Amino acid sequence: MAVNCINVNQEQGRANFFQQCVERMLTYWRDHEAIKNIDITVLDRERHRILKNIALGLDLQPLWPLVKKLVIAFAPYMERRGFWDVWHGVLVQTIRMAKRAVDVEAETTLTAFLARLCQRMNRPQDVVRHYRRVMELARQSGNQFEEARACSNLGYLYIDGGRWWRSEVLSQHALTIFDTLANDHGRAHTHNHLGVLYSRQKIWEKAESHLKHAATIWVSMDDQHGLIRVHGNLGQLYNSMAQSQKAIKHSKLALKHAMLAGDESLSGSLLYNLAVGYRQSGEIQQAHTHAKESESISLKFSEERHLAFVWHQLALIHLQKGELSDAVHYKSQALKAYRQYELQEESSSLITEFNDLRD
């Protein structure tokens, strides 16, 4: 009996020691300046070590308070650097742990992160499901900020689906809550989303007003990542308005902020904006260079839907360069992708633009 007691005590001692080691490492990374400042250089080097410590912590329920804080702090880095599949798995496990701990606040925030990640991964059905769960949890707990953020982001998702009335209703509801909370972060994002919505509807003046409002807030907050998005959207707006010099200016600003933030995945769409701007201004070689760079990044991150738009531009660029076989190749690729994603308006636009240039 005494021997058994010794064995049990030794085993418990080893378990306690292991937990203490994991706790120390989780605390170390939670408080690390590289995590707080999203220092890309350090985090690129230490990413595997941080993920290993999170994985160990997820098996130890008493360490939940440390695990959730580190996961929430580490999320922006993992999203921006494009490690989406790995991070998706971590978030799913962390949400399970939040449920076991009956931590509704953490479950709400983490589910919002999962929805946002699925949006980057082009999983629209998952995005809707997760944001609806966020709204349900937020209303149960009276968390107005998370309710508003879910409404704003879901409204943004609905733009691509052409559900513009629903998008506007959700966005305006979110803006009302953010105004009540005096939350500039939420206001900026929602003005940005409304700017994109009105741009798609070709209501240029309202689109420009909302985007500039968002830009003003993000400048005052020195929010580099917000400025990536709003300058990128202004670039798209001015391309749509055939104001190529303004489009190039804002796309370059967005790309500068993306490089500072280390967000390579967003760089693909910004390089696409530049390609459109340069093609419209007649600078065909510049347009070709940026379109190929955008294609390379989109292939790296498997952004197949975005590739359709890049190939669309490459078809027109090669046609303007007099390279008919390449132009026809990219046109075929773009049309195939447009059909796959049921983008009929874009498909018709490519055919019309291609024929007009060829004539």
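Because the structure is predicted, anything quoted here is derived from the model rather than measured.

Peer 1: Could you give an account of the environment of Ser 325, with specific residues and numbers?
Peer 2: As for its placement among the helices and strands, Ser 325 is situated in helix α17 (residues 324-340). The exposure class assigned to Ser 325 is exposed, which follows from its relative accessible area of 60%. Linking Ser 325 and Ala 315, residues 10 residues apart in sequence, is a C-alpha distance of 9.5 Å.

Peer 1: Mind laying out the pattern of salt bridges, listing which residues take part and the relevant values?
Peer 2: Two side chains that carry opposite charge are able to pair once their charged atoms sit near each other. This model, assessed by the stated rule, comprises 22 salt bridges. Where Arg 187 meets Asp 184, a salt bridge forms, and the shortest distance between an N and an O atom there is 2.9 Å. Note that Arg 187 and Asp 184 are positioned in helix α10 (residues 184-200) at a spacing of three residues, about one turn of the helix. Among the charged side chains, a salt-bridge network with shared partners connects Arg 45, Glu 46 and Arg 49.

Peer 1: If you had to explain the environment of Val 169 to someone new, which residues and values would you point to?
Peer 2: Along the polypeptide, Val 169 turns up in helix α9 (residues 164-181). Considered as a pair, Val 169 and Leu 58 are 111 residues apart in the sequence and their alpha carbons are 39 Å apart.

Peer 1: Lay out empty space enclosed by the protein with the relevant residues and their values.
Peer 2: Following the criterion strictly, the structure yields one cavity of 30 Å³ or more and no others. The space that makes up the largest cavity amounts to roughly 30 Å³. Along the walls of the largest cavity sit Ala 112, Arg 116, Tyr 131, Arg 149 and Asn 153, which together make up its complete lining. Those elements that provide at least two residues to the lining of the largest cavity are α6 (104-120) and α8 (144-160).

Peer 1: An account of α9 is requested, with residue identities and associated values reported.
Peer 2: Taking 1.5 Å as the rise per residue, α9 with 18 residues should run 26 Å; its terminal C-alpha atoms sit 26 Å apart, in good agreement. Where α9 is buried, its residues touch α7 (124-141), α8 and α10. Looking one or two places after α9, you find Ala 182, whose phi comes out positive at around 55 degrees.

Reading guide: rules and limits
Residues numbered from 1 in each chain as written. Predicted model: local features only at pLDDT ≥ 70, side-chain atom pairs only at ≥ 80, totals over all residues. Heavy atoms only, no water. Helix = DSSP H or I, 4+ residues; strand = E, 2+ residues; numbered from the N terminus. Buried < 20%, exposed > 50% of the residue type's maximum accessible area, 1.4 Å probe, protein only. Salt bridge = Lys/Arg side-chain N within 4 Å of Asp/Glu carboxyl O. 1 Å grid on protein atoms, 1.4 Å probe; cavity = no way out; pocket = protein on both sides within 12 Å on 5 of 7 lines; lining within 4 Å. Points joined across faces, edges and corners; volume = space filled by probe spheres on them. Expected span 1.5 Å × (residues − 1). Contact = heavy atoms within 4.5 Å.

That's the geometry; what it means functionally is another story.
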